[in-house]
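Examining the three-dimensional arrangement
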Amino acid sequence: MTAPRPVVYLDPAITDILTRCYRGEGKRDVIARAIRMLATADGHLTPDGRIKNQRTGRPA
């Protein structure tokens, strides 16, 4: 049995961006990609996508 997927409510501006800029792509896929990109840019992920340990900067 898998856990239910979380529901995320988007504000109108984000919905507009998704609708106009990412036509034909699944909204969940676009948001997931954006979150990974943001976490990587903020230094929370290693280059291979693992979450860093906040104290040491090493993968948990």
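That block above? That's the structure.
Here goes a summary of the coordinates provided. Chains are numbered independently. Their residues run from 1 in the order of the written sequence. Since the coordinates come from a predicted model, pLDDT governs what is reported: local features require at least 70, and pairs of side-chain atoms require 80 or more to be given and counted, while whole-chain, interface and lining totals use all residues. Processing note: side-chain calculations cover all non-hydrogen atoms of the structure and skip hydrogens and water entirely.

1. Notes on helix α2 (residues 27–41)
Which entries qualify depends on this criterion: Helix and strand labels come from DSSP, where a helix needs a run of H or I of at least four residues and a strand needs a run of E of at least two; each type is numbered from the N terminus. Expected span of a helix, by definition, is 1.5 Å for each gap between consecutive residues, and there is one gap fewer than residues.
Taking 1.5 Å per residue, 15 residues should reach 21 Å; α2 reaches 21 Å between its end C-alpha atoms and fits that length. Gly43 occupies a position one or two residues after α2 and carries a positive phi of about 85°.

2. Some details on the environment of Leu18
Considering the arrangement of structural elements, one finds Leu18 in helix α1 (residues 12–21). When the C-alpha positions of Leu18 and Ile31 are compared, they lie 8.7 Å apart, and in sequence the two are 13 residues distant.

3. A short note on the environment of Tyr22
Test applied: Note on definitions: a residue-residue contact is assigned when non-hydrogen atoms from the two residues lie within 4.5 Å.
Following the sequence through the fold, Tyr22 ends up in the loop between α1 and α2. Residues within four places of Tyr22 in sequence aside, it is in contact with Ile17, Val30 and Arg33.

4. Points about a nonpolar patch on the surface
The criterion, for reference: Patch membership requires over 30% relative accessible area and the absence of a salt bridge. Like charges are linked within 9 Å, and nonpolar side chains (Val, Leu, Ile, Met, Phe, Trp, Tyr) within 5 Å. Reported accessibility uses the Shrake-Rupley method at a 1.4 Å probe radius. Residues are deemed covered only where the shown protein chains occlude them. The working definition used for a salt bridge is a side-chain nitrogen of Lys or Arg within 4 Å of a carboxyl oxygen of Asp or Glu. Think of it in three bands: residues with accessible area under 20% of the maximum for their type are buried, residues over 50% are exposed, and the middle band is partly exposed, with areas taken using a 1.4 Å probe on protein chains only.
Taken together, the side chains of Val8, Leu10, Ile14, Ile17 and Tyr22 present a nonpolar region at the surface, about 400 Å² in accessible area. For Tyr22, a relative accessible area of 31% puts it in the partly exposed group.

The values are spatial; any link to function lies outside them.
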